[in-house]
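# Structural characterization, general
What follows is each chain in one-letter form.
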Amino acid sequence: MVKVNVDMASSFIRAVLPRLACRHLKIGNNCNGRYLYGCNKRWVSSGSDLVQVEQDDSDNEIVVLKMNVKPVNACTAEFNNAMTKLIKDLDADEQSKGLILTSTLPNVFSAGLQLTALHGKSYDEIKEYFSTFQTMAHTLFTSRLATVAAINGHAIAGGCVIALCCEYRVMAEGKFHNGLNEVIVGIPMPAWVSAYTVYALGTNTAEKVILSGKKHTPREALQVGLVDQVVPPDDLIQVSKNILSDLIKVGDYPRRLSKERLRKELLMFSL
Ligand SMILES: CCCCC/C=C\CCCC/C=C/C(=O)SCCNC(=O)CCNC(=O)[C@H](O)C(C)(C)COP(=O)(O)OP(=O)(O)OC[C@H]1O[C@@H](n2cnc3c(N)ncnc32)[C@H](O)[C@@H]1OP(=O)(O)O
């Protein structure tokens, strides 16, 4: 178990983080309001309208979730909760076998945490906000579904984390960045995010990626293992579907149990 100095983390959240976050974005408190909803599956009801849900096939086996939080898919608490609920609903639906996660926005997969949510908030509010993101990431990471991230634009910090929670990551070619820039923003990397990164990249590369805070081009992201494949933008969804189809060909029960056994150890990490 990793030991964490909780007092130190608490003081950091209280005193430093809200100022750092807003300096990073050069903003005041301009939290956005509500967004559109799109959902055509009878059993999905997130209670919020920030993720579009599309069935991909007549068998309902593959679902495409499109993050839809304009302008940059910053992970608001409402979005995190909606995603958590959707993934849990899909996990509970025996027909569903695979999930593609992408974005409705042309150039951004996700900009990560909603930095504006940290501005002027109390310690308890910030802690509560962080926990909505962590719960969403854990739910995706441990989903019984086969998961593919179709990264159609920038995937920064928490956006990169969301992609790392998926089993396979395909990124579109383009002038996009993918990386874990938390140390640049001023957020000490939580142990659970480090653990997920080590799981995907291996310890040595994960350390370099995390401690540099570097934002990678798609080709560089491929080299370090942040993504598994880089494809032309027009091929992104079809390639993701092909990968998912292969993944779900494997027997459901052995696949599900093996994924659970591989990933559950990582849930002991918190801050
Ligand atoms: C000590 C204990 C800690 C415990 C922590 C527990 C959990 C932590 C979870 C894991 C750690 C995750 C951390 C994060 O995710 S920190 C977030 C870091 N994100 C970024 O640095 C991304 C910043 N944004 C950008 O780089 C760019 O916006 C872009 C995504 C590349 C898109 O560029 P572009 O298309 O040029 O758009 P703009 O830059 O013009 O942005 C448009 C508007 O969106 C606002 N914006 C951008 N990013 C965010 C954000 N993350 N949150 C809120 N708002 C954001 C931007 O200010 C613009 O707004 P405006 O139009 O009103 O000016």
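Residues numbered from 1 in each chain as written. Predicted model: local features only at pLDDT ≥ 70, side-chain atom pairs only at ≥ 80, totals over all residues. Heavy atoms only, no water.

## Considerations on the packing of aromatic side chains
The way to describe two aromatic rings as a pair is by their centre distance and the angle between their planes. Test applied: Ring pairs are drawn from Phe, Tyr and Trp, using the six-membered ring of Trp, whenever the two centres fall within 6.5 Å, and their geometry is named by plane angle: stacked under 30 degrees, edge-to-face over 60, tilted for the rest. By the criteria applied, helices consist of DSSP H or I runs no shorter than four residues and strands consist of E runs no shorter than two, each listed in order from the N terminus. Here's how the labels work: a residue is buried when its accessible area is under 20% of the maximum for its type, exposed when over 50%, partly exposed in between, all with a 1.4 Å probe on protein chains only. In our convention, an over-ring charge means Lys NZ or Arg CZ found within 6 Å of a ring centre and within 35 degrees of that ring's normal.
Enumeration according to the criterion identifies five aromatic pairs in this entry. Each ring, one from Phe141 and one from Tyr196, has its centre 3.9 Å from the other, and the planes form 15 degrees; the classification is stacked. Within this pair, whereas Phe141 is found in helix 3 (residues 123–141), its partner Tyr196 is found in helix 6 (residues 191–201), the two being separated by 55 residues in sequence. Seen in terms of ring centroids, Phe141 and Tyr199 are 5.5 Å apart; in terms of plane orientation they differ by 75 degrees. Their pairing is edge-to-face. In this pair, Phe141 is assigned in helix 3 and Tyr199 in helix 6, connecting sequence segments 58 residues apart. Under the relative-accessibility criterion, Phe141 is labelled buried at 0%. Clustering of aromatic rings is evident, with ring pairs tying together Phe133, Phe141, Trp192, Tyr196 and Tyr199. Residue placement shows Arg263 over the ring face of Phe141; its charged tip is 4.4 Å from the ring centre.

## Points about the sheet that holds strand 12 (residues 215–216)
Under the convention used in this document: By definition, two strands form a pair when at least two bridges between them are found by DSSP.
Spatially, the four strands line up as an open sheet ordered 6-9-11-12, and their pairing is mixed. The sheet is open, and its two edges are formed by strand 6 (108–110) and strand 12, each paired on a single side. Pairing analysis gives two bridges linking strand 6 to strand 9 (residues 154–156), with the strands arranged parallel. Across the sheet, residue Ser110 finds its bridge partner in strand 9, namely Ala155.

## Quick notes on the pairing of strand 10 (residues 168–172)
Of all the five residues making up strand 10, four are buried; the element is thus mostly covered by neighbouring parts of the structure. In this structure, strand 8 (residues 146–151) lies alongside strand 10, joined through four bridges in parallel fashion. Within strand 10, the position partnered with Ala150 by the bridge is Val170.

## Focus on unusual backbone geometry
It is generally the case that most residues other than glycine have a negative phi and that most peptide bonds are trans. With an omega of 10 degrees, the peptide bond running from Lys70 to Pro71 counts as cis. Inspection of the secondary structure puts Pro71 in the loop between strand 3 (62–67) and strand 4 (74–75). Despite not being glycine, Asn73 has its phi angle at roughly 55 degrees, a positive value. Along the chain, the position of Asn73 falls in the loop between strand 3 and strand 4. We classify Asn73 as buried; its relative accessible area is 1%. Unusually for a residue other than glycine, Ala157 sits at a positive phi of about 50 degrees. By the secondary structure assignment, Ala157 is in the loop between strand 9 and helix 4 (158–164).

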